[in-house]
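Inside the fold
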Amino acid sequence: VDLCQEKIAEASYGNYYASLMIYLRLGRQDLIFSVLDTFDWEDQELAEEIADGLCGDLPHDWLDAVLDLLKDTGSAGLVAGCRLIAFYRADRMDLLSLALEHPDQWVRDQALWASAKCGKRDALISHSDSNLFRALCGGSLDGAADDEDSIHALGLVGRPESVLPLVGALENDALAEHAAL
C-alpha cells in the first residue's frame, strides 16, 4: 500500500491503474476514493483509461458511490462515469442527464453511447444531434436520409417507416443508387 501511494504521486497511467487494481483486490474502498478524489480529472486521456480500468473490477456495491464522486469532477469525470454506467448498465439517469446537457460534445457523445448501452431510447431521441441516430432509436425519420451512410443504415434497420424516406431518396441522383439497395 505504501509503495502504491508513492507511485501514485508520479501521476502516470500505469501507476494509477496498478494502484487502483491492488486497492480493489484488497477491498480498500477508502484508498480507491482517496485516489479518485485527488486525481486530476482534467487529463482526458488518463481519465478514460482509469475508467476503463475500473470496468469489470469495481464491486457493484461501490458503483453508486464512485458515480456520485465522478458526477462533481468536471468533463473527464462525467465521461468516466458514463463509461462505468455503460459497462455496468447502471440506471443512473442523474449522471447521464448532466452529461447529456453538458456543453462539451465529447461528454455528450459518451452520454449518448452510455444511454444506448442502457437502452435509454428516450434520452437518445431527445438529446442526439443526429437525425439518423434519432431515427434508428425510433424517433422521427425527418431529415434522416440525407447522405449515403444514412440511406444504408435506414435500409438495414428495416423499419416500415423508412420506406418513404428511401423512396424519396430515389429521386436524388446522388442517393438513388444507395436507396435502391
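Residues numbered from 1 in each chain as written. Predicted model: local features only at pLDDT ≥ 70, side-chain atom pairs only at ≥ 80, totals over all residues. Heavy atoms only, no water.

**A few points about the state of the cysteines**
Simply put, the disulfide is a covalent bond whose two ends are the sulfur atoms of two cysteines. A full pass over the atoms with the stated rule returns 0 disulfides. Left without a disulfide partner, Cys-82 is nearest to the cysteine sulfur of Cys-118, which lies 9.4 Å away. (Disulfide = S-S within 2.5 Å.)

**Topic: the side chain of Arg-92**
Mapped onto the elements of the fold, Arg-92 is located in the loop between helix H6 (75-88) and helix H7 (93-100). Look at Arg-92 and you get buried, because its relative accessible area is 9%. Apart from residues no more than four positions distant in its own chain, Arg-92 is found in contact with Asp-64, Leu-67, Asp-68, Lys-71 and Ile-85. (Helix = DSSP H or I, 4+ residues; strand = E, 2+ residues; numbered from the N terminus. Buried < 20%, exposed > 50% of the residue type's maximum accessible area, 1.4 Å probe, protein only. Contact = heavy atoms within 4.5 Å.)

**What to know about the packing of helix H3 (residues 29-38) against helix H5 (residues 60-70)**
Following both chains from N to C, one finds H3 and H5 inclined at 20°, their axes separated by 11 Å at the closest point. With respect to each other, H3 and H5 are oriented roughly parallel. Crossing angle aside, the handedness with which H3 passes H5 is right-handed. Along its contact with H3, which presents Gln-29, Ile-32, Phe-33, Leu-36 and Asp-37, the element H5 presents Trp-62, Ala-65, Val-66 and Leu-69. (Axes fitted to C-alpha atoms, helices over the stretch in contact; angles between N-to-C directions. Parallel < 35°, antiparallel > 145°, perpendicular 65-115°, else oblique. Left-handed = near helix turned anticlockwise from the far one by under 90°.)

**Some details on the packing of aromatic side chains**
Scanning the model with the defined rule gives 1 aromatic pair in all. The interplanar angle of 80° and the centroid separation of 5.0 Å between the aromatic rings of Phe-87 and Tyr-88 together place this pair among those described as edge-to-face. Judged by relative accessible area, which is 43%, Phe-87 ranks as partly exposed. (Phe/Tyr/Trp six-rings, centres within 6.5 Å; stacked < 30°, edge-to-face > 60°.)

**Describing the nonpolar core**
With 48 residues, the main nonpolar core has Leu-36, Trp-41, Ile-50, Leu-67, Leu-70, Leu-84 and Ile-85 as its most contacted residues. Listing elements by their share of this core, those giving two or more residues are helix H1 (2-8), helix H2 (13-26), H3, helix H4 (44-54), H5, H6, H7 and helix H8 (105-117). By residue number, the principal contributor to this core is H6, which donates 9 residues. In contact with Trp-41, other than residues within four places in its own chain, are Leu-36, Ala-47, Leu-70, Thr-73, Ala-76, Gly-77 and Ala-80. (Core = buried A, V, L, I, M, F, W, Y, C linked by side-chain atoms within 4.5 Å.)

**With respect to the side chain of Ser-75**
For Ser-75, the location among the structural elements is in helix H6. Sequence-distant contacts of Ser-75, defined by excluding residues within four places in its chain, comprise His-102, Asp-104, Trp-106 and Val-107.

**Focus on the environment of Phe-87**
Summarising the element assignment, Phe-87 is placed in helix H6. With 35 residues separating them along the chain, Phe-87 and Asp-52 place their C-alpha atoms 8.9 Å apart.

**Focus on the packing of H7 against H8**
Between H7 and H8, whose axes approach to 8 Å, the crossing angle comes to 140°. The orientation of H7 relative to H8 falls into the category oblique. You can see that H7 and H8 cross each other, and the crossing is left-handed. Taken together, the residues of H8 that come into contact with H7 (itself represented by Leu-96, Ala-99 and Leu-100) are Val-107, Arg-108, Ala-111, Leu-112, Ala-114 and Ser-115.

**Considering the pattern of salt bridges**
Enumeration according to the criterion identifies 8 salt bridges in this entry. The closest approach of N and O atoms between Arg-28 and Asp-30, which form a salt bridge, is 2.9 Å. According to the relative accessible area criterion, Asp-30 is partly exposed, its value standing at 44%. Each member of the salt-bridge network shares a partner with another, and the members are Asp-64, Asp-68, Lys-71, Arg-92 and Asp-94. (Salt bridge = Lys/Arg side-chain N within 4 Å of Asp/Glu carboxyl O.)

Everything listed is a geometric property; what it means functionally is a separate question.
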